[in-house]
Amino acid sequence: DNWENIELLFNKAISSAKKSIYIQTPYFLPTNSLMQALQTAALSKIDVRIMIPKKSDSKILTLSSYSYIEKCLLSGIKIYLYDAGMLHSKNMIIDNEFVTTGSANFDFRSFEHNFESNIIIYDKGINHQMKDIFFHDMNDCKKITLHSWQQRPKIQKFIESIIRLLSPIL
């Protein structure tokens, strides 16, 4: 296809949010446009929460995902590290009005290379259930603060920065 349809869908959904954006993803490697959309939403006082695994099934993807956290925190995005195993949920809940779930991760490969399939749900009852699941999963998370994140070892920050350069091809 000529278009990165899932990225466009995510971008439109995020840009349309009025109250909340809740994202669960095993890999958080946003494109520049998606990062800007999330930051714009958070800076506009929309409740933006992103849940990623503390440890994924790929050390390199975990480090790459971690490289985006400080930028998120600086704009007011809330980050939660899921610590009850591998988080494999791939959900985005917008304003209790819209849910998308499926095979697409929040990463370059899902947007540009893989053949992914997501569904879109506009049913308020199901969307409310998905929000409840998100908040239930938060019980197994550690909320990251900017101060604590900035205290991690310099070598870890360096490694994350180097790995981030590879994000578009991971």
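Residues numbered from 1 in each chain as written. Predicted model: local features only at pLDDT ≥ 70, side-chain atom pairs only at ≥ 80, totals over all residues. Heavy atoms only, no water.

**Section: the nonpolar core**
Condition: In these notes, a set of buried Ala, Val, Leu, Ile, Met, Phe, Trp, Tyr and Cys residues joined through side-chain atoms within 4.5 Å is what counts as a nonpolar core. Categorising residues by exposure relies on relative accessible area from a 1.4 Å probe, with only protein chains included: less than 20% of the type maximum marks a residue as buried, more than 50% marks it as exposed, and the intermediate range marks it as partly exposed. For this analysis, residues touch if any pair of their heavy atoms sits within 4.5 Å.
Ranked by internal contacts, the top residues of the largest apolar core, which has 35 residues, are Ile21, Leu38, Ile50, Ile69 and Ile79. The contact partners of Ile79, leaving out residues within four places of it in the chain, are Ile50, Ile69, Cys72, Leu73, Lys142, Lys143 and Ile144. Counting residues in hydrophobic clusters, the runner-up holds twelve residues, among them Tyr82, Ile93, Val99 and Met130.

**A word on unusual backbone geometry**
With the exception of glycine, most residues fall at negative phi, and the peptide bonds are largely trans. Condition: Secondary structure elements follow DSSP: runs of H or I of four or more residues count as helices, runs of E of two or more count as strands, with numbering from the N terminus.
The backbone of Lys45 shows a phi angle near 70 degrees, a positive value even though the residue is not glycine. In this model, Asn96 sits at a positive phi of 55 degrees, which is unusual for a non-glycine residue. Residue placement: Asn96 occurs in the loop between β5 (91–94) and β6 (98–102).

**Let's talk about a nonpolar patch on the surface**
Our working rule: Exposure above 30% relative accessible area and the lack of any salt bridge qualify a residue for a patch; like charges then connect within 9 Å, and the nonpolar side chains Val, Leu, Ile, Met, Phe, Trp and Tyr within 5 Å. To measure how exposed things are, a 1.4 Å probe is used in the Shrake-Rupley method; for residues, cover is taken only from the protein chains shown. The rule for a salt bridge is simple: a side-chain nitrogen of Lys or Arg has to be within 4 Å of a carboxyl oxygen of Asp or Glu.
Taken together, Ile155, Phe158, Ile159, Ile162 and Leu165 make up a surface patch of nonpolar side chains, about 520 Å² in accessible area. Checked against the element boundaries, Ile162 lands in helix α8 (residues 154–164).

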